[in-house]
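Structural overview
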Amino acid sequence: ALLCEATDDLAKLMDGFYNNIEDGLFELVYANDDANQQEHVVGLMRELRVRREQLVGTFIKRVQRGAEDWIAQAATPEYLEEQLYAEKIASRCSGHFRFLLQSITERMAHAASRDADRDSLPVSPEQISYHFVMSCRNLEFDRDSVDIVQNLFHRFVLDRLGTIYGAINQKLLAAGCLTARELEGATASIA
């Protein structure tokens with residue numbers, strides 16, 4: 001249920017991404033003196049406008065499938081180049097939310113009664129970035145286009161994940177899912 005709720009919140013962030021993308025791309029056009037690059041960005045703007053439903057729909061489906069695979073502990077095929085690129089995109093966000101993500105990881109591992117690693121969480125910045133990159137790849141955007149929009153994706157989606165992470169962490173805590181430190185404290189207070 002938490003992952004479904006987080007996916008709905010991600011869809012809202014993607015709406016915000018799209019509401020701001022044209023302004024962000026116009027900033028790039030005006031800041032760049034290279035006519036070819038300006039033309040590329042304007043063409044990308046048109047393409048993104050036309051393919052909005054496809055990109056957002058593909059992204060949300062990938063995030064949902066990733067959550068389902070995580071719950072079922074199913075292996076998902078990985079594309080190494082895209083995975084490394086997604087990790088690069090997510091690195092700043094991952095560092096910023098490091099402690100909160102660690103708490104969520106431990107709480108989800110406690111809830112699922114299994115080991116979990118932070119990068120594999122279906123709502124980790126790495127996984128969200130990977131699904132975005134793969135969604136762009138599925139729509140056959142070239143690498144330059146993905147490079148251009150990934151900065152805007154970072155600004156309007158990844159940088160705004162704190163509210164989603166905070167809500168997940170609080171709901172897991174309220175459900176009795178504890179971190180390793182909390183488990184140690186509970187065990188020590190009982191003894």
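Heads up: these notes are all about the structure in this document.

Parameters and conventions
Residues numbered from 1 in each chain as written. Predicted model: local features only at pLDDT ≥ 70, side-chain atom pairs only at ≥ 80, totals over all residues. Heavy atoms only, no water. 1 Å grid on protein atoms, 1.4 Å probe; cavity = no way out; pocket = protein on both sides within 12 Å on 5 of 7 lines; lining within 4 Å. Points joined across faces, edges and corners; volume = space filled by probe spheres on them. Helix = DSSP H or I, 4+ residues; strand = E, 2+ residues; numbered from the N terminus. Nonpolar A, V, L, I, M, F, W, Y, C, P; charged D, E, K, R; others polar. Axes fitted to C-alpha atoms, helices over the stretch in contact; angles between N-to-C directions. Left-handed = near helix turned anticlockwise from the far one by under 90°. Contact = heavy atoms within 4.5 Å. Buried < 20%, exposed > 50% of the residue type's maximum accessible area, 1.4 Å probe, protein only. Parallel < 35°, antiparallel > 145°, perpendicular 65-115°, else oblique. Core = buried A, V, L, I, M, F, W, Y, C linked by side-chain atoms within 4.5 Å. Salt bridge = Lys/Arg side-chain N within 4 Å of Asp/Glu carboxyl O.

It is worth spelling out empty space enclosed by the protein at this point. The gaps left among the atoms become clear once a water-sized probe is rolled over them. If you walk through the whole model with that rule in mind, you get one cavity of 30 Å³ or more. Approximately 40 Å³ is the volume attributed to the largest cavity. Around the largest cavity sit Leu2, Glu5, Ala6, Asp9, Ile164, Ala167, Ile168 and Lys171, which together line it. Broken down by secondary-structure element, the contributors of at least two residues to the lining of the largest cavity are α1 (2-31) and α8 (162-174). Looking at side-chain class alone, the lining of the largest cavity contains five nonpolar, no polar and three charged residues.

With that settled, the discussion passes to the packing of helix α5 (residues 98-112) against α8. Contact pair α5 / α8: the axes reach a minimum separation of 10 Å and the direction vectors enclose 35°. Every pair of crossing elements has a handedness; the one defined by α5 and α8 is left-handed. On the side of α5, the interface is formed by Leu100, Leu101, Ser103, Ile104, Arg107 and Met108, while α8 contributes Gly162, Tyr165, Gly166, Ile168, Asn169, Leu172 and Leu173. Residues of the contact of α5 with α8, tallied by class, amount to eight nonpolar, four polar and one charged.

Relative to the elements of secondary structure, Leu101 occurs in helix α5. Given a relative accessible area of 0%, Leu101 falls into the buried group. The spacing of Leu101 and Leu178 is 77 residues in sequence and 13 Å in space, taken between C-alpha atoms. In this structure, Leu101 is in contact with Ser94, Arg118, Leu121, Pro125 and Tyr165, ignoring residues within four places of it in sequence.

Next up on the list: the layout of surface pockets. The computed volume of the second largest pocket comes to approximately 240 Å³. In this structure, the second largest pocket is lined by 14 residues; those nearest its centre are Ala1, Leu2, Leu3, Cys4 and Ile71. Those elements that provide at least two residues to the lining of the second largest pocket are α1, α3 (52-72) and α5. The element best represented in the lining of the second largest pocket is α3, accounting for five residues. Residue composition of the lining of the second largest pocket, grouped by class: 11 nonpolar, two polar and one charged.

Let's shift gears to the packing of helix α4 (residues 80-96) against helix α6 (residues 125-138). At a minimum axis distance of 8 Å, the contact between α4 and α6 shows a crossing angle of 135°. With respect to α6, the element α4 is oriented oblique. In the crossing of α4 with α6, the sense of the turn from one axis to the other is right-handed. Residues Glu82, Gln83, Tyr85, Ala86, Glu87, Ile89, Ala90, Cys93 and Ser94 of α4 touch α6, and the partners they reach there are Pro125, Glu126, Ser129, Tyr130, Val133, Met134 and Arg137. Each residue belonging to the contact of α4 with α6 can be placed in one class, and the counts come to nine nonpolar, three polar and four charged.

What follows covers unusual backbone geometry. Even without being glycine, Glu140 reaches a positive phi, approximately 65°. Position of Glu140 among the secondary structure elements: in the loop between α6 and α7 (143-156).

We now examine the nonpolar core. Counting 53 residues, the largest nonpolar core has Phe17, Leu48, Phe132, Phe153 and Leu161 as the members making the most contacts within it. Looking at this core, the elements with two or more residues in it are α1, α2 (35-50), α3, α4, α5, α6, α7 and α8. Per element, the largest residue contribution to this core is 10 residues, and it comes from α1. Excluding anything up to four places from it in sequence, Phe153 contacts Met14, Phe17, Phe59, Ile128, Ser129, Phe132 and Leu158.

Our focus in this paragraph is the pattern of salt bridges. A complete count under the given rule lists 11 salt bridges for this structure. Here Glu5 ties to Lys171 by a salt bridge, and the two come within 2.2 Å at their closest N and O atoms. Here the residue Glu5 occupies a position in helix α1, and Lys171 occupies one in helix α8, the gap between them amounting to 166 residues. The closest approach of N and O atoms between Glu47 and Arg51, which form a salt bridge, is 3.1 Å. Put simply, Glu81, Arg143 and Asp147 are held in one network by salt bridges that share partners.

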